[in-house]
Amino acid sequence: MTIFVKTQNFINKEMKSLLKNAREQKGLKTRELAQMAEIDQALISKFESGTRKPTRDQIIKLAQLLEIDYETLMIAWLKEKILFEIGDEEFALKALLLAEQEIQNNSKKNNSVLLSSVQIVLDEIEILKNKIQSLNHFELRQISKTLELNFVFNSIQLNESPLTFEETKSIINDGLTIAGKSIQNHLEAINFQEATLFIKDLNQKKIHVNEKDFLALHSLIFKGIEVEHLGKYKDDSLVAREMSLFFNWYESNKNNLHPIILASEANLKILEISPFAKGNLQMANLILNWILLQNNYTYASIEINNIKEYFSALEESQIKNDKSVFVNYILRIEKENLKQALDLVQK
């Protein structure tokens, strides 16, 4: 029992020092922090004395307000929680090793279950993809040009652009100015066209998704429209941390997850983090298609008449906390778009 008390005091001290030092460095009194965090002052004092543990939601809030590294604080919190449960049990270390293995296995199992549930559709998509790749250079160029234009038009529709398809085509292909449409309307179309060319160039150079080019994409789509927040995350240390974790997640899974599942989950994660003051929906859509094109799939372009269904799939996936809802939707869109691409050369 003595060993447990000493261990528990050490962990409490770590949590105490993280919270108390951060508060004092910001020159805040416990009363002031309590008001900012909407947590009772007595609880703040207990967190700092180690006599009470914050909840997960309180940890998130305190990390943000005190500008403590979120991962560091979460790890300290989880470690304290684990040690409180296992204490000085004789087989604690062996149990922890087994738990680690099970967590890893469960993650693999969940991905395996999702993959097996959509395997039939994936096989159908692969057949269509191979048919497109077998086309000659002229046919591929014809498809690419048409799909790029469709993607630009559908992308600006996500932002409720008043441009028609023909107007978008005239702006991009002919450089025309459309009467009655604002400069911003024109810039949105032009910028998204530049973004598609940027992604194409990255793919030709075999450059994978990365933070530098992700921010460059944001700069491109808002060039001449948004100045203050161009290519920048929200001024929030938690957002910066979450985005760092996102790119770590991508690096860990880019060779493990099927590309369409990877792209769909990346879309969901960007929307969940919501890293930008403006343009999160467009950026989630761009990263989805960046990953697809990188793996020789076509655009999962959400057509204007399917926008409500797209938002419905997003909402259902978030409410049910079930990514398979959105993955299945993107699979269907990708399959339909591949068929449409083949129709362009078979007519």
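The structure we're discussing is the one just above.
As the structure is a computational prediction, the values presented were derived from the model and not from experiment.

### Some points on the environment of Arg 23
Mapped onto the secondary structure, Arg 23 falls in helix α1 (residues 2–25). Its relative accessible area of 9% is what places Arg 23 among the buried residues. For the pair formed by Arg 23 and Leu 62, sequence separation is 39 residues and the distance between their alpha carbons is 9.5 Å. If near-sequence neighbours (up to four positions away) are discounted, Arg 23 is found in contact with Leu 28, Lys 29, Thr 30, Leu 33, Glu 48 and Leu 66. A distance of 2.7 Å separates the side chain of Arg 23 from the backbone oxygen of Leu 28, its partner in a polar contact.

### A look at empty space enclosed by the protein
Tallied over the full model, the rule gives two cavities of 30 Å³ or more. For the lining of the largest cavity, the class distribution of residues is five nonpolar, two polar and one charged. Empty space within the second largest cavity amounts to approximately 30 Å³. Together, Leu 19, Leu 33, Ile 44, Phe 47, Glu 48, Leu 62 and Leu 66 line the second largest cavity. Among the secondary structure elements, those contributing two or more residues to the lining of the second largest cavity are α3 (41–49) and α4 (56–66). If you tally residues by element for the lining of the second largest cavity, the top one is α3, at three residues.

### A look at the packing of helix α8 (residues 137–157) against helix α9 (residues 165–174)
In the contact formed by α8 and α9, the axes pass within 10 Å of each other and the chain directions differ by 120°. Put simply, α8 runs oblique to α9. Here α8 runs over α9; the crossing is right-handed. Listed contacts from α9 to Leu 149, Asn 150, Val 152, Phe 153 and Ile 156 of α8 are Phe 165, Thr 168, Lys 169, Ile 172 and Asn 173.

### Focus on unusual backbone geometry
Its identity as a non-glycine residue notwithstanding, Glu 67 has a phi of 55°, on the positive side. With respect to the element layout, Glu 67 can be found in the loop between α4 and α5 (70–86). Backbone geometry at Glu 160 places phi at a positive 60°, although glycine is not the residue there. Given the relative accessible area of 72%, Glu 160 is considered exposed.

### Section: the side chain of Ser 264
As for its placement among the helices and strands, Ser 264 is situated in helix α13 (residues 259–273). Beyond its immediate sequence surroundings of up to four residues, Ser 264 is in contact with Leu 288, Phe 326, Val 327 and Ile 330.

### A closer look at the pattern of salt bridges
Here the structure, examined in full by the defined rule, presents twelve salt bridges. Here Glu 148 and Lys 200 are joined by a salt bridge, their closest N and O atoms 2.4 Å apart. Here Glu 148 is found in helix α8, whereas its partner Lys 200 is found in helix α10 (residues 183–204), with 52 residues between them in sequence. What makes Lys 200 partly exposed here is its relative accessible area of 30%. Salt-bridge contacts for Lys 323 lead to Glu 265; the nearest nitrogen and oxygen are separated by 3.1 Å. In this pair, Lys 323 is assigned in helix α16 (residues 323–346) and Glu 265 in helix α13, connecting sequence segments 58 residues apart. Residue Lys 323 is classed as partly exposed on the basis of its relative accessible area, which comes to 31%. One network of salt bridges, in which partners are shared, links Glu 309, Arg 332 and Glu 336.

### Looking at α3
An α-helical segment advances 3.6 residues per turn. Residues three or four places apart therefore align on the same side. Taken as a whole, α3 has its buried residues at Leu 43, Ile 44, Phe 47 and Glu 48. On an axial view of α3, the arc spanned by its buried residues comes to 135°, and they lie on one face. By the N-cap criterion, in which a side-chain oxygen at the helix start approaches the backbone nitrogen of a residue two or three places on, α3 is capped by Asp 40, the distance to Ala 42 being 2.9 Å. Once α3 finishes, Gly 50 follows within two positions and takes phi at roughly 85°, a positive value.

### Comments concerning a nonpolar patch on the surface
Residues Leu 78, Ile 82, Leu 93, Leu 96 and Leu 97 make up a contiguous nonpolar surface patch of roughly 440 Å² in combined accessible area. Among the secondary structure elements, those contributing two or more residues to the nonpolar patch are α5 and α6 (92–117). The biggest single contributor to the nonpolar patch is α6, with three residues. Tracing the sequence through the fold places Leu 97 in helix α6. Classification of Leu 97 as partly exposed rests on a relative accessible area of 47%.

### Some points on helix α11 (residues 211–221)
Regarding α11, the residues found buried are Asp 213, Phe 214, Leu 215, Leu 217, His 218, Leu 220 and Ile 221. Buried residues along α11 sit against α10, α12 (237–253), α13 and α14 (280–294). For α11, the capping residue at the N-terminal end is Asn 210, with a side-chain oxygen 3.2 Å from the backbone nitrogen of Lys 212.

### Focus on the layout of surface pockets
By volume, the second largest pocket is sized at about 840 Å³. Lining of the second largest pocket is provided by 23 residues; of these, Ser 144, Lys 200, Leu 293, Asn 296 and Tyr 297 occupy positions nearest its centre. Within the residue set of the lining of the second largest pocket, elements represented by two or more residues are α7 (119–133), α8, α10 and α14. Partitioning the lining of the second largest pocket into residue classes produces nine nonpolar, eight polar and six charged.

Cut-offs used in this document
Residues numbered from 1 in each chain as written. Predicted model: local features only at pLDDT ≥ 70, side-chain atom pairs only at ≥ 80, totals over all residues. Heavy atoms only, no water. Helix = DSSP H or I, 4+ residues; strand = E, 2+ residues; numbered from the N terminus. Buried < 20%, exposed > 50% of the residue type's maximum accessible area, 1.4 Å probe, protein only. Contact = heavy atoms within 4.5 Å. Polar contact = N/O pair within 3.5 Å; in protein donor to acceptor, adjacent residues only side chain to side chain. 1 Å grid on protein atoms, 1.4 Å probe; cavity = no way out; pocket = protein on both sides within 12 Å on 5 of 7 lines; lining within 4 Å. Points joined across faces, edges and corners; volume = space filled by probe spheres on them. Nonpolar A, V, L, I, M, F, W, Y, C, P; charged D, E, K, R; others polar. Axes fitted to C-alpha atoms, helices over the stretch in contact; angles between N-to-C directions. Parallel < 35°, antiparallel > 145°, perpendicular 65-115°, else oblique. Left-handed = near helix turned anticlockwise from the far one by under 90°. Salt bridge = Lys/Arg side-chain N within 4 Å of Asp/Glu carboxyl O. Arc of directions from axis to C-beta. Patch = residues over 30% accessible without salt bridge, like charges linked within 9 Å, V, L, I, M, F, W, Y side chains within 5 Å. Areas by Shrake-Rupley, 256 points an atom, 1.4 Å probe, with all protein chains shown as cover.

Purely geometric stuff here, so don't read any function into it on its own.
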